[in-house]
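Results of the structural survey
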Amino acid sequence: MAKEMIVVEGGTPLAGEVRVSGAKNSALKLIAASILGSGESVIHNVPLISDIVVMSKVLETLGARVKREDHTLVIDTADIDTWETPYELVSKMRASISVLGPLVARFGRARVAMPGGCNLGARKIDMHMVGMEALGVHFETDHGFIEASTPNGLHGAYVALDFPSVGATENTMMCAVTAEGETVIENAAREPEIEDLADMLNAMGARVSGAGSPTIVVEGVPASSLHACEHTTVGDRIEAGTFLVGGAMTGGPVTVRGIEPGFLRMALMKLHAMGCSIDFGDDYITVSRDGALQAIDIQTLPHPGFPTDLQAQFMLLAAVAQGNSVITENVFENRFMFADEIGRMGARVTIEDHHAIVEGVSSLQGTDVKATDLRCGAALVLAGVFAEGTTRVHKVHHIDRGYEDYVGKLSSLGARLHRELDEDIDW
């Protein structure tokens, strides 16, 4: 695929309405879950992003047939005949490790390459393995692969996670659906995407309760009783939050549709504290601002705390607010790489361990910057919308992993930007 960049002409305020796509972090796990129900599952509201393409290919290598019809995926898993995923696919995207639990639950074994994805730090999968080991799964690592087996079958267990990891909660939950007896997952992740996955699992014949709370209970059912289903993916709260930041930054009003406002409660509280007006209904949120942006203190935490996936976007807001802000990153140790790039545009950010001290400035200047990860890339494009002059954002394949038609949606809000081939600079 040719390398591209996004070129942004700054100085145009954002206003209008935009509809968010289905949640990337949910749809990827729903695709993995389809492995559990032999037959043809239909998943609606699936975003058109590169990560979905990779996950679809992962299932095809297992023997599934995957067909896309606009924003609907039809996945036939009846003929899955292998439990090994190839390195060349899994290394591209960390979320592909989520096939581990479903494969073990259906076949009693799996061989999955160690995952890749955005460079956000260690993000070890130890917790995934600890949770499944309690269910009777035996793991070995061999030449970059995780090999799982169930010598004595799967059995229910009490699993207490050291940290409310989304991935570990999902893999343990999917593995437990066919374990004999009851599984209790304590300190479970509470993200909306966990609830969405549980809803699909229950539609397939599983018995999962408590999703969205710190304690999830799974009553095991025979693998043969699970079946294909039809399910609609929830809206993407991070995409919604990104567009809301754009509206807050330039004044708005910007309305995002297709999102449950409760998914973004903490982020909306912070926007209000920064001087924004918030209006919302059943499936929309509107942000606007008349006065100056105010400094803010933010700590990223697992849901319902402030989401780490919105940290870069809010650092951008803080960078153009009045006063000094402090942003504390408690989830990923490498997620301040955005600070270096926004610094090239005139922002003043000082990093001290896992704290970022942001001194607000009145303006930013367009220049060449690079996306170091998905959310950094999205925030840099927004920075270009606000900045004076032209901003060229390189390595935009990161953005394509999680934002469907990002340029088109921003254009519909009034931004002046386009994509073009990136041939001049070796970023």
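One structure accompanies this document, and this report is about it. (Residues numbered from 1 in each chain as written. Predicted model: local features only at pLDDT ≥ 70, side-chain atom pairs only at ≥ 80, totals over all residues. Heavy atoms only, no water.)

1. A word on the overall build of the chain
Which entries qualify depends on this criterion: The secondary structure listing takes helices from DSSP runs of H or I that are at least 4 residues long and strands from runs of E that are at least 2 residues long, numbered from the N terminus. Burial classes follow relative accessibility: with a 1.4 Å probe on protein chains only, a residue under 20% of its type's maximum area counts as buried, one over 50% as exposed, and anything between as partly exposed. Whether two residues touch is decided by their heavy atoms; if any such pair falls within 4.5 Å, the residues are in contact. Accessibility throughout is a Shrake-Rupley quantity obtained with a 1.4 Å probe, and a residue counts as covered only by protein chains that appear here. In this count, Lys and Arg are taken as positive residues and Asp and Glu as negative ones, while His and the chain termini are left out. Where a charge sits is defined by one atom per residue type, namely NZ (Lys), CZ (Arg), CG (Asp) or CD (Glu).
Counting its secondary structure elements, the chain contains 14 helices and 24 strands. When the backbone C-alpha atoms are referred to their principal axes, the chain occupies close to 65 × 40 × 40 Å. Taking all 427 residues of the chain together, 56% fall into the buried category. At a minimum sequence separation of 6, the contacts of the chain that also span at least 24 residues come to 73%. Roughly 16200 Å² of accessible area belongs to the chain as shown, and the carbon and sulfur atoms make up 47% of that amount. Counting 33 positive and 57 negative side-chain charges, the chain places the centres of these two groups 2 Å from one another.

2. Some thoughts on the sheet that holds strand β2 (residues 16-19)
We count it as follows: Any two strands with at least two DSSP bridges between them are considered paired. For helices, the fitted axis covers only the stretch in contact; all axes are lines through C-alpha atoms, and the angles between them, taken along N-to-C directions, range from 0 to 180 degrees.
Taken in spatial order, the 4 strands of this open sheet run β2-β15-β17-β16, and their pairing is mixed. Where the open sheet ends on each side, the last strands, each with one partner, are β2 and β16 (277-280). Pairs of neighbouring strands in the sheet enclose a mean axial angle of 20°, with direction left out of account. Bridge count for β16 against strand β17 (residues 284-288) is 4 bridges, and the pairing is antiparallel. Following the sheet pairing, phenylalanine 280 is matched in β17 by isoleucine 285. Docked against the sheet, helix α8 (residues 237-250) engages β2, β15 (254-257) and β17, running at close to 170° with respect to β15.

3. Thoughts on the pairing of strand β23 (residues 390-394)
Of the pairings in the sheet, the one linking strand β1 (residues 4-9) to β23 comprises 4 bridges and is antiparallel in character. Bridge pairing in β23 places valine 7 opposite arginine 392. With 3 bridges connecting them, strand β22 (residues 368-370) and β23 associate as parallel partners. Considered in β23, the bridge of lysine 370 is made with histidine 394.

4. Remarks on the sheet that holds strand β24 (residues 416-421)
Strand order in the open sheet formed by 4 strands is β22-β23-β1-β24, and the pairing between neighbours is mixed. This sheet does not close on itself; its edge strands, each paired only once, are β22 and β24. For this sheet, the mean angle separating the axes of adjacent strands, direction not counted, is 25°. Here β1 pairs with β24 via 6 bridges, running antiparallel. Directly across from valine 7, in β24, lies its bridge partner histidine 418. The strands that helix α12 (residues 374-386) touches are β1, β22, β23 and β24; relative to β1, the one it contacts most, it runs at about 30°.

5. Let's talk about helix α7 (residues 192-203)
Rules: One less than the residue count of a helix, multiplied by 1.5 Å, gives the span that helix is expected to have.
Along its 12 residues, α7 runs 17 Å from first to last C-alpha, staying within 8% of the 16 Å computed at 1.5 Å per residue. Taken as a whole, α7 has its buried residues at Pro192, Glu193, Ile194, Asp196, Leu197, Ala198, Met200 and Leu201.

6. Focus: the pattern of salt bridges
Two side chains of opposite charge can pair, provided their charged atoms sit close to one another. The line we're drawing: We count a salt bridge whenever a side-chain nitrogen from Lys or Arg sits within 4 Å of a carboxyl oxygen from Asp or Glu.
Applying the stated criterion across every chain yields a total of 18 salt bridges. Between arginine 111 and aspartate 142 there is a salt bridge, with its nearest N and O atoms 3.6 Å apart. Here arginine 111 is found in strand β7 (residues 109-113), whereas its partner aspartate 142 is found in strand β8 (residues 138-142), with 31 residues between them in sequence. Measuring nitrogen to oxygen at the nearest pair gives 3.9 Å for the salt bridge that ties aspartate 309 to arginine 375. In this pair, aspartate 309 is assigned in the loop between β18 (297-299) and α10 (311-319) and arginine 375 in helix α12, connecting sequence segments 66 residues apart. Considered together, aspartate 309 and arginine 375 belong to a single accessibility category, that of buried residues. A single salt-bridge network, built from bridges that share partners, covers Glu84, Arg111, Asp142 and Glu147.

7. Brief notes about the packing of helix α1 (residues 24-33) against helix α6 (residues 166-176)
To be explicit about the condition: An angle counts as roughly parallel when it lies under 35 degrees, as roughly antiparallel when it exceeds 145, as roughly perpendicular when it falls between 65 and 115, and as oblique in every other case. Should the near helix be turned counterclockwise from the far one by less than a right angle, the crossing is left-handed, whereas a clockwise turn marks it as right-handed.
Close contact between α1 and α6 brings their axes to 11 Å; oriented N to C, the two are set at 25°. When the interaxial angle is binned, α1 and α6 end up roughly parallel. Handedness of the α1/α6 crossing: right-handed. Residues Asn25, Lys29 and Ala33 of α1 touch α6, and the partners they reach there are Val166, Glu170 and Met174.

8. Some words on helix α9 (residues 265-273)
The test is simple: As used here, the arc is the angular range of directions from the helix axis to the C-beta atoms.
Of the residues making up α9, those classed as buried are Ala267, Leu268, Lys270 and Leu271. Buried residues in α9, looked at end-on, bunch into an arc of 160°, giving them a common side. Exposed residues pointing more than 90 degrees away from the buried face of α9 are listed as Arg265, Met269 and His272. Structurally, α9 contributes buried residues whose contacts are with α8, β16, β17, β18 and α10. At the exit of α9 stands glycine 275, carrying a positive phi of roughly 110°.

9. Brief notes about the pairing of strand β3 (residues 40-44)
Bridging between β3 and strand β5 (residues 72-76) involves 4 bridges; their strand directions are antiparallel. Bridging across to β5, valine 42 finds its partner in valine 74. Pairing of β3 with strand β14 (residues 230-232) involves 3 bridges; the strand directions are parallel. What sits directly across from isoleucine 43, in β14, is histidine 231.

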